[in-house]
Amino acid sequence: MEQSKDSLKVLVIHGPNLNMLGKREPDIYGKTTLDEINSTLEELGNRLGLAVETFQSNHEGAIVDKIQKDAAIQNGLIINPAAFTHTSIAIRDALLLLDIPVIEIHLSNIYKREPFRHKSLISDVATAQITGFGVQGYSMALEALAKMIE
Ligand code: DQA
(Lines give C-alpha, C1' and ligand atoms only; values in the text may rest on other atoms or scores of the structure.)
Protein backbone atom coordinates (compact mmCIF):
# COMPACT_ATOMS: atom_id res chain seq x y z
CA MET A 1 0.00 0.00 0.00
CA GLU A 2 1.35 3.42 -0.90
CA GLN A 3 2.10 5.58 2.15
CA SER A 4 0.80 9.14 2.09
CA LYS A 5 3.59 11.68 2.27
CA ASP A 6 2.22 13.16 5.49
CA SER A 7 2.81 9.93 7.33
CA LEU A 8 6.45 9.58 6.27
CA LYS A 9 8.80 9.59 9.23
CA VAL A 10 12.48 10.39 9.51
CA LEU A 11 14.62 9.66 12.56
CA VAL A 12 17.67 11.83 13.27
CA ILE A 13 20.27 10.35 15.63
CA HIS A 14 23.00 12.49 17.16
CA GLY A 15 25.97 10.76 18.79
CA PRO A 16 28.22 11.63 21.71
CA ASN A 17 29.15 15.21 22.62
CA LEU A 18 26.79 16.67 20.02
CA ASN A 19 24.59 17.78 22.95
CA MET A 20 27.40 20.28 23.61
CA LEU A 21 27.18 21.96 20.19
CA GLY A 22 27.36 25.71 20.53
CA LYS A 23 29.96 25.41 23.32
CA ARG A 24 32.03 22.57 21.88
CA GLU A 25 35.01 23.63 19.72
CA PRO A 26 32.96 26.33 17.95
CA ASP A 27 35.78 26.98 15.47
CA ILE A 28 35.21 23.45 14.15
CA TYR A 29 31.53 22.80 14.84
CA GLY A 30 30.06 26.31 14.78
CA LYS A 31 27.90 28.10 17.32
CA THR A 32 24.52 26.55 16.54
CA THR A 33 23.12 24.43 19.37
CA LEU A 34 21.63 20.97 18.99
CA ASP A 35 18.19 22.32 19.95
CA GLU A 36 18.46 24.85 17.11
CA ILE A 37 19.45 22.12 14.63
CA ASN A 38 16.54 19.96 15.78
CA SER A 39 14.03 22.84 15.51
CA THR A 40 15.26 23.66 12.00
CA LEU A 41 14.85 20.01 10.99
CA GLU A 42 11.36 19.77 12.48
CA GLU A 43 10.28 22.95 10.64
CA LEU A 44 11.82 21.78 7.37
CA GLY A 45 10.18 18.40 7.88
CA ASN A 46 6.80 20.12 8.22
CA ARG A 47 7.36 21.90 4.93
CA LEU A 48 8.46 18.67 3.23
CA GLY A 49 5.60 16.63 4.71
CA LEU A 50 7.87 14.54 6.93
CA ALA A 51 7.51 13.88 10.66
CA VAL A 52 10.99 14.31 12.14
CA GLU A 53 11.98 12.63 15.41
CA THR A 54 15.33 13.52 16.96
CA PHE A 55 17.40 11.54 19.46
CA GLN A 56 20.78 12.20 21.07
CA SER A 57 22.88 9.92 23.25
CA ASN A 58 26.41 9.79 24.55
CA HIS A 59 26.10 6.01 24.89
CA GLU A 60 26.85 3.51 22.16
CA GLY A 61 24.37 0.91 23.47
CA ALA A 62 21.57 3.48 23.70
CA ILE A 63 22.12 4.33 20.02
CA VAL A 64 22.08 0.62 19.10
CA ASP A 65 18.85 0.20 21.11
CA LYS A 66 17.25 3.18 19.37
CA ILE A 67 18.17 1.85 15.92
CA GLN A 68 16.81 -1.62 16.78
CA LYS A 69 13.62 -0.31 18.39
CA ASP A 70 12.62 2.67 16.31
CA ALA A 71 14.54 3.02 13.06
CA ALA A 72 12.81 0.13 11.28
CA ILE A 73 9.42 1.86 11.62
CA GLN A 74 10.81 5.03 10.06
CA ASN A 75 11.13 5.77 6.36
CA GLY A 76 14.63 7.20 6.58
CA LEU A 77 17.45 7.78 9.02
CA ILE A 78 19.96 10.61 9.36
CA ILE A 79 22.80 9.78 11.72
CA ASN A 80 25.80 11.68 12.97
CA PRO A 81 27.52 8.96 14.99
CA ALA A 82 30.17 11.52 16.07
CA ALA A 83 33.21 9.74 17.58
CA PHE A 84 31.46 6.36 17.23
CA THR A 85 31.81 6.81 13.45
CA HIS A 86 35.42 5.78 13.79
CA THR A 87 35.06 3.01 16.39
CA SER A 88 31.64 1.38 16.52
CA ILE A 89 31.15 -1.99 14.86
CA ALA A 90 28.02 -2.27 17.03
CA ILE A 91 26.36 0.78 15.42
CA ARG A 92 27.47 -0.41 12.00
CA ASP A 93 25.91 -3.84 12.64
CA ALA A 94 22.67 -2.24 13.88
CA LEU A 95 22.45 -0.14 10.69
CA LEU A 96 22.79 -3.34 8.66
CA LEU A 97 19.43 -4.45 10.13
CA LEU A 98 17.69 -1.60 8.33
CA ASP A 99 16.01 -1.55 4.98
CA ILE A 100 15.59 2.24 4.73
CA PRO A 101 17.86 4.97 3.33
CA VAL A 102 20.51 6.03 5.84
CA ILE A 103 22.40 9.31 5.51
CA GLU A 104 25.62 9.60 7.49
CA ILE A 105 26.40 13.20 8.32
CA HIS A 106 29.28 15.14 9.85
CA LEU A 107 29.46 18.84 10.54
CA SER A 108 33.18 18.97 9.83
CA ASN A 109 34.95 17.46 6.85
CA ILE A 110 36.31 14.33 8.54
CA TYR A 111 38.78 13.77 5.67
CA LYS A 112 40.45 17.14 6.30
CA ARG A 113 41.08 16.37 9.97
CA GLU A 114 43.27 14.02 12.02
CA PRO A 115 44.02 10.69 10.30
CA PHE A 116 41.99 8.72 12.88
CA ARG A 117 38.87 10.56 11.67
CA HIS A 118 39.42 9.60 8.03
CA LYS A 119 38.06 6.10 8.59
CA SER A 120 34.30 5.75 8.92
CA LEU A 121 32.93 2.33 9.86
CA ILE A 122 29.53 3.57 8.71
CA SER A 123 30.11 4.99 5.24
CA ASP A 124 29.96 1.72 3.30
CA VAL A 125 26.71 0.69 4.97
CA ALA A 126 25.09 4.14 4.62
CA THR A 127 23.22 5.18 1.49
CA ALA A 128 25.17 8.43 1.32
CA GLN A 129 27.47 10.62 3.36
CA ILE A 130 27.44 14.40 3.86
CA THR A 131 30.55 15.84 5.47
CA GLY A 132 31.91 19.33 5.95
CA PHE A 133 28.87 21.51 5.25
CA GLY A 134 28.36 22.45 8.90
CA VAL A 135 24.76 22.71 10.14
CA GLN A 136 23.54 23.23 6.57
CA GLY A 137 24.39 19.56 5.98
CA TYR A 138 21.43 18.49 8.12
CA SER A 139 18.93 20.35 5.92
CA MET A 140 20.67 18.97 2.83
CA ALA A 141 20.32 15.45 4.26
CA LEU A 142 16.61 15.90 5.02
CA GLU A 143 15.88 17.35 1.59
CA ALA A 144 17.76 14.50 -0.08
CA LEU A 145 15.91 11.92 2.04
CA ALA A 146 12.56 13.50 1.17
CA LYS A 147 13.33 12.97 -2.52
CA MET A 148 14.53 9.40 -1.93
CA ILE A 149 11.43 8.29 -0.03
CA GLU A 150 8.62 10.27 -1.67
C1 DQA B 1 31.79 14.71 13.83
C2 DQA B 1 33.22 14.32 13.48
C3 DQA B 1 33.75 13.26 14.44
O4 DQA B 1 35.08 12.90 14.10
C5 DQA B 1 33.75 13.81 15.85
O6 DQA B 1 34.18 12.82 16.77
C7 DQA B 1 32.44 14.38 16.25
C8 DQA B 1 31.68 15.15 15.29
C9 DQA B 1 31.27 15.88 12.97
O10 DQA B 1 30.07 16.10 12.98
O11 DQA B 1 32.06 16.58 12.32
O12 DQA B 1 32.05 14.31 17.41
O13 DQA B 1 30.95 13.60 13.61
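The structure we're discussing is the one just above.
Reading the values: the criteria
- Residues numbered from 1 in each chain as written.
- Predicted model: local features only at pLDDT ≥ 70, side-chain atom pairs only at ≥ 80, totals over all residues.
- Heavy atoms only, no water.
- Helix = DSSP H or I, 4+ residues; strand = E, 2+ residues; numbered from the N terminus.
- Contact = heavy atoms within 4.5 Å.
- Pairing = 2+ DSSP bridges.
- Axes fitted to C-alpha atoms, helices over the stretch in contact; angles between N-to-C directions.
- Expected span 1.5 Å × (residues − 1).
- Buried < 20%, exposed > 50% of the residue type's maximum accessible area, 1.4 Å probe, protein only.
- Arc of directions from axis to C-beta.

To continue, consider the side chain of His86. Tracing the chain through its elements places His86 in the loop between β3 (76-80) and α4 (89-95). Ignoring anything within four residues of it in the chain, the contact list for His86 reads Ile110, Phe116, Arg117, Lys119 and Leu121.

Let us now look at the sheet that holds strand β5 (residues 128-131). Across the sheet, five strands lie side by side as β2-β1-β3-β4-β5; this open sheet has parallel pairing. Two strands lie at the open edges of the sheet, namely β2 (50-56) and β5, each paired on one side alone. Neighbour to neighbour, the strand axes of the sheet diverge by 20 degrees on average, direction disregarded. Pairing of strand β1 (residues 8-14) with β2 involves seven bridges; the strand directions are parallel. Bridge pairing in β2 places Val10 opposite Val52. In the packing of helix α2 (residues 34-48) onto the sheet, the strands contacted are β1 and β2, and the crossing angle to β2 comes to about 160 degrees. Against the sheet, helix α5 (residues 136-149) makes contact with β1, β2, β3, β4 (102-106) and β5, and its axis sits at roughly 160 degrees relative to β3, the strand it touches most.

What follows covers α2. Taking 1.5 Å per residue, 15 residues should reach 21 Å; α2 reaches 21 Å between its end C-alpha atoms and fits that length. Of the residues making up α2, those classed as buried are Leu34, Ile37, Asn38, Leu41, Leu44, Gly45 and Leu48. Down the axis of α2, the sector holding all buried residues measures 130 degrees, keeping them to one side. Within α2, the exposed residues directed more than 90 degrees away from the buried face are Asp35, Asn46 and Arg47.

The values are spatial; any link to function lies outside them.
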